[in-house]
Every structure is written in C-alpha cells, then in structure tokens.
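Descriptive structure summary
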Amino acid sequence: MKYEHCPVKIDELAWRKVDDEGIILDMANDQAHILNEVAIEMWNLMDGNNSIQDISENICKEYEVEMEQALKDTMEFAGKLFEKGLIH
Amino acid sequence: MVKNLKINIAEVYIVISSYSDHLCEQLRRQYADFLSSTDNIALKIDIRHPDVSHLERRQIDDLDGNYKLFREDDGYTFWFHGYWGKIDLSFESTVLFADSPSITVVKLLTGLCLSLYLSLREGIIIHGCGIVDDKRGYLFVGESESGKSTIASLAGQRTVLSDEAIIIRKQSGNFKMYGMPWVKGIFGNGTAEPDSIFFLRKDSHMELKSLTNAQSAIKLLSNRFYSNKYMMEKVLELCVRICSKMPCYDMHFVPDKELIWRDINEIRTLSS
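Calculation notes
Residues numbered from 1 in each chain as written. Chains lettered and ligands numbered in written order. Predicted model: local features only at pLDDT ≥ 70, side-chain atom pairs only at ≥ 80, totals over all residues. Heavy atoms only, no water. Contact = heavy atoms within 4.5 Å. Buried area = accessible area lost by both parts, 1.4 Å probe. Salt bridge = Lys/Arg side-chain N within 4 Å of Asp/Glu carboxyl O. Polar contact = N/O pair within 3.5 Å; in protein donor to acceptor, adjacent residues only side chain to side chain. Helix = DSSP H or I, 4+ residues; strand = E, 2+ residues; numbered from the N terminus. Nonpolar A, V, L, I, M, F, W, Y, C, P; charged D, E, K, R; others polar. Pairing = 2+ DSSP bridges. Axes fitted to C-alpha atoms, helices over the stretch in contact; angles between N-to-C directions. Parallel < 35°, antiparallel > 145°, perpendicular 65-115°, else oblique. Core = buried A, V, L, I, M, F, W, Y, C linked by side-chain atoms within 4.5 Å. Buried < 20%, exposed > 50% of the residue type's maximum accessible area, 1.4 Å probe, protein only. Phe/Tyr/Trp six-rings, centres within 6.5 Å; stacked < 30°, edge-to-face > 60°. Lys NZ or Arg CZ within 6 Å of the ring centre and 35° of its normal.

Across the contact, 15 residues belong to chain B and 15 residues belong to chain A. For the pairing of chain B and chain A, the buried interface totals around 1300 Å² over both sides, and the portion due to carbon and sulfur atoms is 68%. There are 2 salt bridges connecting chain B and chain A. Here arginine 224 of chain B ties to aspartate 30 of chain A by a salt bridge, and the two come within 2.7 Å at their closest N and O atoms. Run the count over chain B and chain A and you get 4 residue pairs in polar contact (both at pLDDT 80 or more). Taken together, the elements giving at least two residues each to the side of chain B that touches chain A come down to helix H4 (213–222) and helix H5 (232–245) of chain B. The leading source of residues in the side of chain B that touches chain A is H4 of chain B, at 6 residues. Considered class by class, the residues forming the side of chain B that touches chain A number 7 nonpolar, 4 polar and 4 charged.

This brings us to the sheet that holds strand S6 (residues 83–87) of chain B. Residue and element names in this part refer to chain B. Ordered in space as S1-S2-S3-S7-S6-S5-S4, the 7 strands form an open sheet in which the pairing is mixed. Both outer strands of the open sheet, strand S1 (3–9) and strand S4 (67–72), are each paired with one neighbouring strand and no more. Strand-to-strand, the axes of this sheet are offset by a mean angle of 20 degrees, without reference to chain direction. Here 4 bridges tie S6 to strand S7 (residues 93–97), and the two strands are oriented antiparallel to one another. The residue of S7 that forms the bridge with lysine 86 is valine 95. Together, S1, strand S2 (12–18) and strand S3 (43–48) form the strand contacts of helix H1 (residues 21–30), whose direction differs from that of S1 by roughly 20 degrees.

The next thing to look at is the packing of helix H1 (residues 37–45) of chain A against helix H3 (residues 67–83) of chain A. All names here are of chain A. Look at H1 against H3: their axes get within 11 Å of each other, and the N-to-C directions meet at 70 degrees. By the angle class used here, H1 and H3 are roughly perpendicular. Across from Ala39, Met42 and Trp43 in H1, the residues of H3 making contact are Asp73, Thr74, Phe77 and Leu81. In the contact of H1 with H3, the residues fall into 5 nonpolar, 1 polar and 1 charged.

Attention shifts here to the nonpolar core. All names here are of chain B. Residues Ile9 and Leu114 are the most contacted members of the largest nonpolar core, which totals 77 residues. Look past the residues within four positions of isoleucine 9 in its chain and what remains in contact with it is Ile14, Tyr31, Phe34, Thr110, Leu114, Ile167, Gly179, Met180 and Pro181. One finds Cys129, Ile151, Leu154 and Tyr249 within the second-largest nonpolar core, a separate group that totals 21 residues.

Under the criterion given, the structure shown has 13 aromatic pairs over all chains. Judged by centre distance (6.0 Å) and plane angle (55 degrees), the ring pair of phenylalanine 80 of chain B and tyrosine 226 of chain B falls under tilted. One end of the pair, phenylalanine 80 of chain B, is in strand S5 (residues 75–80); the other, tyrosine 226 of chain B, is in the loop between H4 and H5, with 146 residues separating them in the sequence. Taken as a pair, phenylalanine 80 of chain B and tyrosine 226 of chain B share a single burial class, namely buried. Among the aromatic residues, ring-to-ring pairing joins Tyr67, Phe78, Phe80, Phe225 and Tyr226 of chain B into one connected group. Lying across the ring of tryptophan 43 of chain A, lysine 9 of chain A places its NZ or CZ 5.1 Å from the centre. Over the ring of tyrosine 76 of chain B we find arginine 71 of chain B, and its NZ or CZ is 5.2 Å from the ring centre.

Below, the discussion takes up the pairing of strand S12 (residues 174–179) of chain B. Residues and elements named next belong to chain B. Looking at chain direction, strand S11 (residues 165–171) and S12 are connected through 6 bridges and run antiparallel. Looking at the pairing, glutamine 171 lines up with asparagine 174 of S12. A loop of 2 residues connects S11 with S12, the two strands running antiparallel in sequence, and serine 172 in this loop sits at a positive phi of about 50 degrees. Pairing geometry for S12 and strand S13 (residues 191–192), over 2 bridges, is antiparallel. Considered in S13, the bridge of methionine 177 is made with alanine 192.

For aspartate 19 of chain A, which is not a glycine, the phi torsion comes out positive at approximately 55 degrees. Summarising the element assignment, aspartate 19 of chain A is placed in the loop between strand S1 (13–18) and strand S2 (21–26). Here aspartate 134 of chain B, not a glycine, exhibits a phi torsion of approximately 55 degrees, which is positive. Summarising the element assignment, aspartate 134 of chain B is placed in the loop between strand S8 (123–133) and strand S9 (136–141). You can call aspartate 134 of chain B exposed: its relative accessible area is 70%.

With that settled, the discussion passes to the environment of asparagine 36 of chain A. Residues and elements named next belong to chain A. Examined against the element boundaries, asparagine 36 turns out to sit in the loop between strand S3 (31–35) and H1. Overall, the relative accessible area of 48% leaves asparagine 36 in the partly exposed class. Residues asparagine 36 and aspartate 20, 16 residues apart in the sequence, show an inter-C-alpha distance of 7.0 Å. A distance of 3.2 Å separates the side chain of asparagine 36 from the backbone nitrogen of valine 38, its partner in a polar contact. At 2.8 Å, the side chain of asparagine 36 forms a polar contact with the backbone nitrogen of alanine 39.

Here is the structure:
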C-alpha cells in the first residue's frame with residue numbers, strides 16, 4: 001500500500017463506538033474487531049477521500065505525534081485492515 | 001394425526017408439531033421440566049413430510065457445515081443437518097421438511113428457531129454455564145472444552161441452570177438468564193438475574209481480569225449459538241447492552257472449587 005492510496009471500507013460491515021473503543025462487525029466473515037481511540041480516528045477517515053498521507057497528517061495534529069510515527073502507525077493499521085478484507 | 005407438544009423455554013411458548021408419535025413421546029420425556037399447557041404460542045415448529053419440490057434449489061457444499069440460512073422475499077430457507085426448511089420473516093413459524101428426524105435434530109432445531117426468534121426480541125443463546133448463588137446469577141462463557149462442565153461440576157450447593165447453553169433475554173426491563181435444555185445435559189427450568197459474566201479459560205493458575213464493555217461484548221457475540229449475518233448488528237447491540245449492565249471478566253482457572261468461589265466472591269465484593 002502506498003501513501004497516496006485512499007482506503008475505503010467494504011460494504012458488508014457495520015461499526016459502533018462503545019465507550020472509548022470501537023467495534024467493527026465483519027458480517028461476511030462473521031467476525032468482530034476492536035479498535036482503540038486512535039484507530040477509531042483512522043477508521044473514520046477511511047472513506048475513499050483521504051489518503052494514508054492525509055490520515056497520518058490528521059493523526060499528527062490530533063495526537064501530537066511525529067509525522068514519521070503517524071505514517072508508520074497508519075500504514076500498519078491499514079495493512080491489517082486490508083489483510084482482514086475490511087478495506088479496499 | 002398430527003401431535004402437538006407445547007413447551008416453555010425462557011418464557012417463550014413453543015409448539016412442536018409432528019406426525020410421529022414416537023418423536024413426540026421422546027420429546028415429551030426430554031422436555032419434562034419445560035412442558036406447558038398455554039395456548040398463547042409465540043413460536044411454531046412444524047415437522048412435515050419431506051416435499052421440497054417448491055423450494056428454490058440451493059447449492060450446499062461441505063464447508064457450510066450443518067446449518068445455512070438463505071434470505072428469500074417471503075422469509076428464509078434453511079439447510080439443517082441434512083434437511084431443508086422454511087422460516088417466516090418474524091422467525092415465529094418454522095417448517096422442517098422431514099418425516100421423522102432424530103430427537104437430536106429436533107432439539108437442535110428448537111435451539112436454532114429459538115435463537116433466531118430471540119435475535120429480534122432482545123435475547124440471545126450463549127455457549128455458557130449458568131450458576132445461581134444466593135440469588136446472584138453467574139454466567140460462565142466459553143467454547144467447547146473451555147471448562148463449562150468443570151465449573152458446573154464444582155458448583156456445590158449452588159443451582160446450575162445449564163452447563164452448555166444459557167439464554168439471556170430482557171424481561172420487564174431487566175436481563176434474565178435461563179437454562180436452555182440442550183443435547184448434553186438437562187437441568188431444571190430455572191432463571192436468575194445475571195450479576196456478572198466470566199469468560200473461561202482453563203489454566204495452571206487462578207486469575208480474574210476485568211474487561212472493557214467492547215471487549216466483553218465481542219467475546220459474548222463470538223460465543224452465541226447459530227451465527228446469522230442478517231441479525232449480527234442487532235445482536236451486537238444487545239451484547240453491548242448486556243455487558244454494560246454488569247462486570248465482565250476473563251477468568252483463568254484451575255479446577256478447585258474453593259479457589260474458584262473464593263476469587264469470585266472476592267472480586268464481586270470489591271466491585272459492589
């Protein structure tokens with residue numbers, strides 16, 4: 001996955017916030033996944049309009065982390081979601 | 001002549017109809033503690049001669065296991081342990097196209113129908129062991145071999161609702177748990193308000209670890225009977241509400257009655 005890629009969630013899923021965490025429901029595979037606060041922020045931005053670069057910049061501002069770290073974290077998270085088939 | 005058997009499981013009144021005297025008699029014995037005489041039936045299960053010519057042809061492969069549900073315009077078609085069936089959209093009326101299926105299939109089918117019925121009505125069936133201790137209901141959740149039967153066998157004087165399947169449903173504003181008569185063991189028709197939930201893992205030491213609402217909701221969801229993608233979102237909502245109402249823990253345990261109940265009592269005293 002490249003920094004310019006704009007990830008987008010697949011259709012057959014639902015998600016909801018529970019306190020400070022999030023739950024993604026993968027209905028096609030009958031699985032559920034948990035998200036922490038930062039992951040929720042990234043997940044919300046994966047709508048096909050924001051690139052990995054855009055999402056990382058947002059995380060940089062919101063959580064006061066270095067851009068290099070934000071890019072690394074966003075790439076890692078997006079990679080995991082891609083592996084699980086939750087984003088394109 | 002068709003025979004009707006009325007039962008009450010978790011305050012859901014069910015009628016099972018069949019032409020087989022033998023099957024009805026077997027079911028009557030199995031459900032002895034759950035028999036009912038009410039005419040206020042909520043869930044109908046009809047076992048009929050196997051004419052499936054009117055059903056749309058569906059391809060089933062080995063990977064689908066023993067259960068598969070297909071959405072149709074007027075309800076659902078399902079495949080269950082080698083038989084075809086139909087369920088209406090509200091999950092109140094089921095037809096299984098079979099002459100005289102085994103009692104095991106019918107009991108499993110009752111679980112499936114009840115599970116689907118409850119999924120629309122704030123209820124869920126969980127792979128769990130329910131124990132009542134001084135009016136407090138404890139739910140021990142886990143897959144096969146996780147230790148449910150071990151926990152039940154170490155209950156001592158406490159009441160075991162089931163060591164295999166527990167129904168949780170909202171009744172009059174509160175969650176209640178009930179024993180589900182399942183294949184392995186039959187316990188009495190009891191109920192209690194759940195006080196806390198423990199997700200089981202056999203281990204070499206005792207450890208109780210508090211879980212967040214999201215963590216426990218996912219664990220509860222993944223331990224439900226008969227997963228069904230059409231209802232998954234609704235069932236998750238219910239799991240979140242159940243877990244938000246009571247403390248939930250990961251429970252590593254050794255099969256020692258004194259240690260188990262000592263630790264449970266300690267953690268419940270600390271959290272109340």
